[in-house]
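Reading the structure
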Amino acid sequence: MTGPQKVLQAAFFVSETGKRPVRDWLMELTPEDRKAIGEDIATLEFCWPIGKPKCSQIVGIKGLYEVRSNITSGRIARVFFVLVGNQMILLHGFIKKTQKTPDKELKLATARMKEVQRHE
């Protein structure tokens, strides 16, 4: 008997220098926070497509999505991703400090998304 099958496979964005910024960011977090974010990413892998509160499309940026995670101390984390075939490429992660997503976070995710799309 087989268990549930993944619909998407999460993969880290790899920069031209070989860095995996989302993986590096996750490793800086506490084990509890990593677990919460990892579980939210896994939910998307098995249950795609899925909407709020776990996932949201970024308004005004076609093809960019965010994983929405509640982590320790009442904080909120976001991981931006883009879909490439059956992969969700994890582009950028950060701790959200304000209601509005900062432009610098969106610009970084968008630049990485364009880099991924150039290499498709």
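Right, let's walk through the structure included here. These figures come from a predicted structure and were not determined experimentally.

**Focus: the overall build of the protein**
- The helix and strand tally for the protein stands at 3 helices and 5 strands.
- Starting at the N terminus and walking to the C terminus, you meet the elements of the protein as β-α-α-β-β-β-β-α.
- Compactness check: the protein gives a C-alpha radius of gyration of 14 Å against a globular reference of 14 Å for 120 residues, within 12% of the reference.
- Structurally, the protein occupies a C-alpha span of about 45 × 40 × 30 Å along its principal axes.
- Restricting to contacts in the protein with at least 6 residues of sequence separation, those with at least 24 account for 50%.

**Focus: the pairing of strand β5 (residues 87–96)**
- Within β5, 9 of the 10 residues are buried, leaving the element largely enclosed by the surrounding structure.
- Taken together, the 4 bridges between strand β1 (residues 9–12) and β5 define a ladder with parallel strand orientation. Pairing of A10 across the sheet is with M88, part of β5.
- With 9 bridges joining them, strand β4 (residues 76–84) and β5 adopt antiparallel strand pairing. Looking at the pairing, I76 lines up with K96 of β5.

**A word on helix α2 (residues 31–47)**
- Its 17 residues place the ends of α2 24 Å apart at the C-alpha level, agreeing with the 24 Å of an ideal helix rising 1.5 Å per residue.
- For α2, the elements touching its buried residues are β1, α1 (21–28), β2 (55–57), β3 (64–70), β4 and β5.

**A word on the nonpolar core**
- By size, the foremost hydrophobic cluster in this structure holds 20 residues, and its most contacted members are W25, I37, F81 and M88.
- For this core, the elements supplying multiple residues, two or more each, are α1, α2, β3, β4 and β5.
- Ignoring anything within four residues of it in the chain, the contact list for M88 reads L8, Q9, A10, A11, I41, L44, E45, V67, F81, V82 and L83.
- Counting 14 residues, the second-largest nonpolar core is a separate cluster that includes I61, L64, I89 and F94.

**Quick word on unusual backbone geometry**
- Looking along the chain, the bond that leaves W48 and enters P49 is cis, with omega of -5°.
- Mapping P49 onto the fold places it in the loop between α2 and β2.
- For the peptide bond that leads from K52 to P53, omega is 10°, which places it in the cis range.
- A positive phi angle, near 60°, is found at S73, a position not held by glycine.
- Turning to its location among the elements, S73 is positioned in the loop between β3 and β4.

Rules and cut-offs
- Residues numbered from 1 in each chain as written.
- Predicted model: local features only at pLDDT ≥ 70, side-chain atom pairs only at ≥ 80, totals over all residues.
- Heavy atoms only, no water.
- Helix = DSSP H or I, 4+ residues; strand = E, 2+ residues; numbered from the N terminus.
- Rg over C-alpha atoms; globule rule 2.2 N^0.38 Å.
- Contact = heavy atoms within 4.5 Å.
- Buried < 20%, exposed > 50% of the residue type's maximum accessible area, 1.4 Å probe, protein only.
- Pairing = 2+ DSSP bridges.
- Expected span 1.5 Å × (residues − 1).
- Core = buried A, V, L, I, M, F, W, Y, C linked by side-chain atoms within 4.5 Å.

Remember that the coordinates give geometry; whether it matters functionally is a separate question.
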